[in-house]
Amino acid sequence: MMLTAKIKKLLLHPVPAVVAVVMCTAFLYLLEQAINHMPFVMFSVMGMATVIFLLSRKIYFSIYTALTLTTLISVASVLKYRTKGFDLHVYDVIFTGTDPKAFAFLLDEFTIYIVPFAGLMLCAVLVLSLIFIWDRKSAITAPWRAGLMAATFALIPASYPLRADEPRYFHYLGGFNASAFFVSFLDIKDAALGRGIGDKFAKMPAAKPFAASDTCETAGSKPDLFVVLSESQSDLSRLGEFGIDEHFSQQFKSGDGKSHGLRVETFGGGTWISNFSFLTGLSSLDFGWQAPYLTTAMEGRVNYSLATELKRCGYRTAVLMPMKYNFVNEGPFLKSIGVDEILDYDRIGASEYAHHDRFYYEAARAFIEEHRKTDGRPLFLQVQTMFAHSPYSAHLALSSPVEDIETDSSDLDEYIRRVDQAQEDFRWFLGQAEADSKQRPSIVLEFGDHQSFATRDLITRLHPDFAIDNLSSSAYQTFFTVHGYGLNVDMRPFEFANLDIGYLGVSLLEAAGLRESPMFADLAALRDRCNGRLYYCTDRIAVDQHLNRRIASGYLVVE
């Protein structure tokens, strides 16, 4: 009882409360690393405290709760940024927090982070509960408490850390883990007011719709098209230390013996962002704050895609994914853009999220063989892999020659082993396509959806331009490879120093010799005019005109 009384006396005193504020401010600065952002962060903390004080009438409880919640939010943001390359956003609560499939995935794959964080939350709840019981209600009346809250909230906009015209998307990519969550509340405001990509095009002159599509013809038979999304992979031959480049010198080259760079728009996570651009020919950056949540925000709003283009050419379209159908709403989104079949976690008989990639390739082969027995159409099949995905705390890779490579990071060592095994499994899949080539010609396109956090320190050392908040930097370069079996692949559509992922789909169509619709022909012309750049094309007017024509044609709904 004496100890409890001492703790109570210690906590419910102005000096410890001030010390707690100072210590929390210092800790938040360590996470933010931007002194000019700290007024906004601390006014946000004060705003939270005044709301709690208005409702509870308990001063110390309000202060400690606001400091604790901000600390927990910031720590959660650090963990998310480390694994996904994107700061914690209020939509994570709205979308991921209410998505049982996404939540189950996080619990299963990131237990190493979630269990300690849950323990920290439990301790916080217990301590704050005691403070709530001990703290006496203030005599300050409700009008005064409301006035204090209003005054504090009036100061928050004045301390806003971004320029008025600065996109918030880049702030979330920057690792500003103390401020990002509070900044993201403005995205709710924009969503409520209907602000988004449509505002820009509403001000543009009406565009001419694309002409109706003609029949899809080819010089020869239409090849099967297999696309492999190589999870968390980039071209490791670019890493010129520890012998990594020597080991991987041949593993990321196309059938023509060349390496091909790919620009993506996410780092460390957000596979669905890259896949959105690949399948739609759109840049996620054009959607601003919606970019990380496009599979939800744009469901039913993209009415012409790579899938619909291929179906026009007589293809059956399917996507094999390691996640469950409703994970981040990807299954419903893929259906909405014209994919015929989704082979998800349940349908392929998965029992865990970290299967070796050979498992997904064997499931793909079973589907391919069944298709060829029962369906005469050419096939488009995307296979999403998973083995190279974080976390890297568990030793999952089998023994291989790459075991001899030892870096200064256990995470990087495990990542390298996983990529080596994933590439070996991919070569097995290529062998299957080659064996079938006399009966069925095919093209196998492989691409890396984003880099892994495991390589960040090494790439930063080797490539000085590395910058998370600059989408033109080496942080956003991955790779693609193209292999043709039973036909000659036209590689000219891929011949760019770095190709933006939004052009990868139309380049595949051209490489296969398929006659494009007017919309995809215009996208190919835009690619050539912009030298492989999309969002950052030097002729931005041409990009906007293309998007405006999509809108006028009903292919893209941005209302």
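Here, every reference points to the structure presented above.
The sections below set out a description of the structure shown in this document. Note on numbering: residues in each chain are counted from 1, in written sequence order. Local features in a predicted model are, by the rule used here, given only for residues with pLDDT of at least 70; side-chain atom pairs are given and counted only at 80 or more, and totals for whole chains, interfaces and linings are based on all residues. The side-chain quantities take in all heavy atoms of the structure and omit both hydrogens and water.

Considerations on the overall build of the protein
A tally of helices and strands in the protein yields 23 helices and 8 strands. Our radius of gyration looks at C-alpha atoms and nothing else; its globule reference is 2.2 Å times the residue count to the power 0.38. Here the C-alpha atoms of the protein give a radius of gyration of 26 Å, agreeing with the 24 Å that 2.2 N^0.38 yields for 559 residues. The rule is simple: take the accessible area with a 1.4 Å probe, protein chains only, and divide by the maximum for that residue type; under 20% is buried, over 50% is exposed, in between is partly exposed. Evaluated residue by residue, the protein yields a buried proportion of 55% over its 559 residues. In the protein, the share of contacts with a sequence separation of at least 24, taken over all contacts with a separation of at least 6, comes to 75%. Helix numbers and strand numbers start at the N terminus; a helix is a DSSP run of H or I with at least 4 residues, a strand a run of E with at least 2. By definition, residues are in contact when any of their heavy atoms lie within 4.5 Å.

Concerning the side chain of Ser230
By the element assignment, Ser230 lies in strand β1 (residues 224–230). By relative accessible area, which is 2% here, Ser230 ends up buried. In contact with Ser230, not counting residues within four places along its chain, are Thr385, Gln423, Glu446, Phe447, Gly448, Asp449 and Phe479.

Considering unusual backbone geometry
Residue Pro391 is reached from Ser390 by a cis peptide bond, and omega for that bond is 0°. You can see Pro391 is positioned in the loop between β5 (379–384) and α19 (410–436). Positioned with a positive phi, Gln33 is a non-glycine residue whose angle comes to about 55°. Relative accessible area serves as the criterion here: at 52%, Gln33 is assigned to the exposed category. In this structure, Phe242 takes a positive phi of about 65° despite not being glycine. Of note, Phe242 is situated in the loop between β1 and α13 (244–247). By relative accessible area, which is 35% here, Phe242 ends up partly exposed.

Here's the deal with the packing of aromatic side chains
Within 6.5 Å between ring centres, the rings of Phe, Tyr and Trp (the latter by its six-membered ring) count as paired, and their orientation is classed by plane angle as stacked under 30 degrees, edge-to-face over 60, tilted in between. According to the stated counting rule, one finds 26 aromatic pairs in the structure shown. Centre to centre, the rings of Phe359 and Tyr360 are 5.3 Å apart; their planes meet at 85°, and the pair counts as edge-to-face. Put simply, the rings of Tyr81, Phe267, Phe453, Phe466 and Tyr476 touch in pairs and so form one group of aromatic residues. Here, a charge over a ring is recorded when the distance from Lys NZ or Arg CZ to the ring centre is within 6 Å and its angle to the ring normal is within 35 degrees. Directly above the aromatic system of Phe132 lies the positively charged group of Lys58, at a separation of 3.8 Å from the ring centroid.

Overview of the state of the cysteines
We call a pair of cysteine sulfur atoms a disulfide when they lie within 2.5 Å. For the structure shown, the criterion picks out 2 disulfides. For Cys216, the disulfide goes to Cys313, at an S-S distance of 1.9 Å. Across the S-S bond linking Cys216 and Cys313, the dihedral sits near 85°, which makes this disulfide right-handed. A residue pair is termed long-range when its members are at least 10 positions apart, and Cys216 in the loop between α12 (197–202) and β1 and Cys313 in the loop between α16 (306–312) and β3 (316–320) qualify at 97 residues. Residue class for Cys313 comes out buried when judged on its relative accessible area of 2%. Across the disulfide, Cys530 is cross-linked to Cys537 (sulfur-sulfur distance 2.0 Å). Given an S-S torsion of about -75°, the disulfide between Cys530 and Cys537 has left-handed geometry.

Section: helix α21 (residues 504–511)
Most of α21 is tucked away: 7 of the 8 residues are buried. Listing the buried residues of α21 in full gives Leu504, Gly505, Val506, Ser507, Leu508, Leu509 and Ala511.

Digging into the pairing of β1
On a regular strand, each side chain points to the face opposite its neighbour's, so the side chains alternate between the two faces of the sheet. Buried residues dominate β1, accounting for 7 of its 7 residues. Of the two faces of β1, the one lined by Asp224, Phe226, Val228 and Ser230 and the one lined by Leu225, Val227 and Leu229 are each fully buried. Two elements, β1 and strand β6 (residues 442–448), share 7 bridges in a ladder whose sense is parallel. Within β6, the position partnered with Asp224 by the bridge is Ser442. The sheet contact formed by β1 and β5 spans 5 bridges and is parallel. Across the sheet, the residue bridging to Val228 is Val383, located in β5. Strand pairing is assigned whenever DSSP identifies at least 2 bridges connecting the two strands.

Digging into the pairing of β5
Of all 6 residues that make up β5, 6 are buried, and the element is covered over most of its length. What you see with β5 is no split at all: Leu379, Leu381 and Val383 on one side and Phe380, Gln382 and Gln384 on the other are buried throughout. Bridge count for β3 against β5 is 5 bridges, and the pairing is parallel. In the strand pairing of β5, Val319 is matched with Gln382.

As for the sheet that holds β5
One open sheet holds the 8 strands; their spatial order is β4-β3-β5-β1-β6-β7-β2-β8, and the pairing between them is mixed. Edge positions in the sheet fall to β4 (341–343) and β8 (498–500), since each has one partner strand and no second. Put simply, the sheet's adjacent strands are angled 25° from each other on average, direction ignored. Of the strand pairs in this sheet, strand β2 (residues 261–263) and strand β7 (residues 477–485) are connected by 3 bridges, and their pairing is antiparallel. Bridge pairing links Gly261 to Phe479 in β7. On the sheet, helix α18 (residues 357–374) packs against β1, β3, β4 and β5 and is oriented at approximately 165° with respect to β5. The strands that α21 touches are β1, β2, β6, β7 and β8; relative to β6, the one it contacts most, it runs at about 160°. Simply put, an axis is a line fit to the C-alpha atoms, just over the touching stretch for a helix, and the angle between two N-to-C directions goes from 0 to 180 degrees.

Notes on the nonpolar core
If you look at the biggest cluster of nonpolar residues, it comprises 94 residues, and the most contacted ones within it are Phe278 and Leu381. For this core, the element with the highest residue contribution is α18, accounting for 6 residues. Phe278 has contacts with Val227, Leu306, Phe380, Gln382, Leu445, Phe447, Ile501, Leu504 and Gly505, leaving out every residue within four places of it along the chain. Side-chain atoms within 4.5 Å link the members of a nonpolar core, which is a set of buried Ala, Val, Leu, Ile, Met, Phe, Trp, Tyr and Cys residues. Residues Phe86, Phe170, Ala388 and Ile405 belong to the second largest nonpolar core, which totals 69 residues.

Regarding the pattern of salt bridges
Should a side-chain nitrogen of Lys or Arg be within 4 Å of a carboxyl oxygen of Asp or Glu, the pair is scored as a salt bridge. The tally for this structure, following the rule as stated, stands at 27 salt bridges. Ionic pairing is found between Asp500 and Arg533, a salt bridge with its closest N-O pair at 3.3 Å. Residue Asp500 is found in strand β8, and its partner Arg533 is found in the loop between α22 (518–529) and α23 (540–552); the two are separated by 33 residues along the sequence. Residue classification places Asp500 among the buried positions, given a relative accessible area of 5%. By relative accessible area, Arg533 is classed as buried at 15%. One salt-bridge network, held together by shared partners, links Asp224, Arg365, Glu369, Arg372, Asp436 and Arg440.

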